[in-house]
Amino acid sequence: MNIQLKPDEISALLRRQMQQADRPVDVAEVGTVLSVGDGIARVDGLSTVMYNELVETESGVAGLALNLEEDSVGIAILDDVTLVREGDLFRRTGRVISVPVGKALTGRVVDALGRPLDGKGPVLSDELLPVEGFAPSIIERKNVCEPLQTGILAIDALTPIGRGQRELIIGDRKTGKTTLAVDTILNQAGTGVQCFYVAVGQKLSTVSALHKLLSERGAMAYTTIVLANASEPAPLQYLAPYTGCAMAEYWRDRGGHALVIYDDLTKHAQAYRQMSLLLRRPPGREAFPGDIFYLHSRLLERAAKLSDEKGGGSLTALPIVETQANDISAYIPTNVISITDGQIFLEAGLFHEGQRPAINPGVSVSRVGGDAQVKAMKQAAGPLRVLLAQYRELEAFMRFSSDLDAGTLEQLAVGRSLMYVLRQAPNQPVAVHKQVAVLFAGTEKALVKVPDSRLREAVKDLYDAVDTYENGKAYAARFASSPVMDDELKGLLTRVIEDSVRKYRKG
């Protein structure tokens, strides 16, 4: 008769034998691999290992302790899984997984463990921070009150972002989500904001092109890229956003300002689902584990504007989520929408119509609102959302009726000119005083008589007029000293607009 012994029974027998031996063996610090596959190892021993502790094999392969079961430990392998075999030993390191932080990371491209990927040598940082940090308490926080200018007119006017805010960028594939994030990084030049771009599950070619663009524009002088590309193991893709957040928290906690972009959390959730299923955790809706909400809430809650007693630093988060067929009611999108302070919704239909950035003003919202705008922008952008809503309604009605009165035709012309005003080429952020100038021109109906074919030219001329015309320079100087839309500023703006737009009007 053959007796079949299970692995846990064998390990129990071996442990009993070792306890009886003259030379005691410590099974708390070392564990033996029972099985390994798909990036997950089941290890016997390691009875005192901590959750999220870094463990290593004798050959230096790193692992992350995730499942702390009664008879074994589930370890996610962070390096090449082919280097781990049954019978190999994992040793405790005694520390939860931590990454280097500080100035040494500025301008670098690193992986989810803070190891360099750019060929510029090791990251020389003496300070480490755990990737899983605590979110600041309510007492330690302050209301979001400082604007974080993106340089994108449609965002700064309609869905303003403040330092310490969490604003979701959501939309279908290839609608310009990453472009918005990159433009925001470019616009932080000279503002003292440290930027962190976390690429989760992206193609290497995409990240390489992004790195090249940031380098050419001088933005890598204040930017760090954390990369866990599509070919990396799922555990590294799972860790990458927490790594970027820990690096950004270093600046926030020292009174500085940081911006971190998670591109994107859909792939992050998919990597976590893969790990959880391999660790045999119970699946829930769409096969995601039950703690998928906690996965993103504990990450995004770390973004905050700290109180003056805590130094007044800020950490702003721009998570990106990809939708399918504009469905924002899917599981991951609704989860992240409920955690964040607003969303910027990019619509595929608008993108294909040529309205870029393809921001849908009806669905997009910022729950911080005007608190994150300078006064002049708040006043200039006040009527914008209503005018655009009226335009969209009238445009739909116009398709069924050709007999329109003069007032309706004027409303359509105002809306059409505003839609052109909101169009912006990629990687060309606009300064806030120029944004206010062109918004004022649009809402005050100065562009109504400009033909559609010449609107883009007229807007460009208005931007140039602020830099070159005498009235434009006077307006820029007055805006810099006091950005409030009073009679003096309105008078200067009106003269600049009249000087630059007059030649484009018909009739």
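As the structure is a computational prediction, the values presented were derived from the model and not from experiment. (Residues numbered from 1 in each chain as written. Predicted model: local features only at pLDDT ≥ 70, side-chain atom pairs only at ≥ 80, totals over all residues. Heavy atoms only, no water.)

(A) Just the overall build of the protein chain, in detail. On a plain count of helices and strands, the protein chain comes out with 16 helices and 17 strands. For the C-alpha atoms alone, the extent of the protein chain along its principal axes is close to 100 × 50 × 40 Å. Here the protein chain holds 507 residues, and the buried ones make up 52% of them. Of the contacts formed within the protein chain by residues at least 6 apart in sequence, a portion of 73% connects residues at least 24 apart. Only carbon and sulfur atoms are counted for the fraction: they give 52% of the accessible area of the protein chain, which is about 22900 Å². (Helix = DSSP H or I, 4+ residues; strand = E, 2+ residues; numbered from the N terminus. Buried < 20%, exposed > 50% of the residue type's maximum accessible area, 1.4 Å probe, protein only. Contact = heavy atoms within 4.5 Å. Areas by Shrake-Rupley, 256 points an atom, 1.4 Å probe, with all protein chains shown as cover.)

(B) Representation of the nonpolar core within the structure. By size, the foremost hydrophobic cluster in this structure holds 80 residues, and its most contacted members are Leu214, Val436 and Tyr475. The residues touching tyrosine 475, leaving out its near neighbours within four places in the chain, are His433, Val436, Ala437, Val466, Leu489, Leu492, Leu493 and Val496. Formed by 59 residues, the second largest nonpolar core is a distinct cluster that contains Ala248, Leu300, Ile332 and Ile337. (Core = buried A, V, L, I, M, F, W, Y, C linked by side-chain atoms within 4.5 Å.)

(C) A look at the pattern of salt bridges. Considering all chains together, one arrives at 30 salt bridges under this definition. A salt bridge links glutamate 301 to arginine 141; the nearest nitrogen and oxygen atoms lie 3.9 Å apart. Of the two residues, glutamate 301 sits in the loop between helix H7 (292-300) and strand S14 (304-305) while arginine 141 sits in the loop between strand S9 (128-130) and helix H2 (153-158), which places them 160 residues apart along the sequence. Of the residues examined, glutamate 301 reaches a relative accessible area of 31% and is grouped as partly exposed. When its relative accessible area of 25% is taken as the criterion, arginine 141 is described as partly exposed. Across the pair arginine 454 and glutamate 457 runs a salt bridge, and its minimum N-O distance is 3.8 Å. With a gap of three residues between them, arginine 454 and glutamate 457 both fall in helix H14 (residues 452-468), about one helical turn apart. Judged by relative accessible area, arginine 454 falls into the partly exposed class, the value being 31%. On the accessibility criterion, glutamate 457 (41% relative accessible area) is partly exposed. Taken together, the shared-partner salt bridges in this structure form one network comprising Arg141, Arg166, Glu301 and Asp341. (Salt bridge = Lys/Arg side-chain N within 4 Å of Asp/Glu carboxyl O.)

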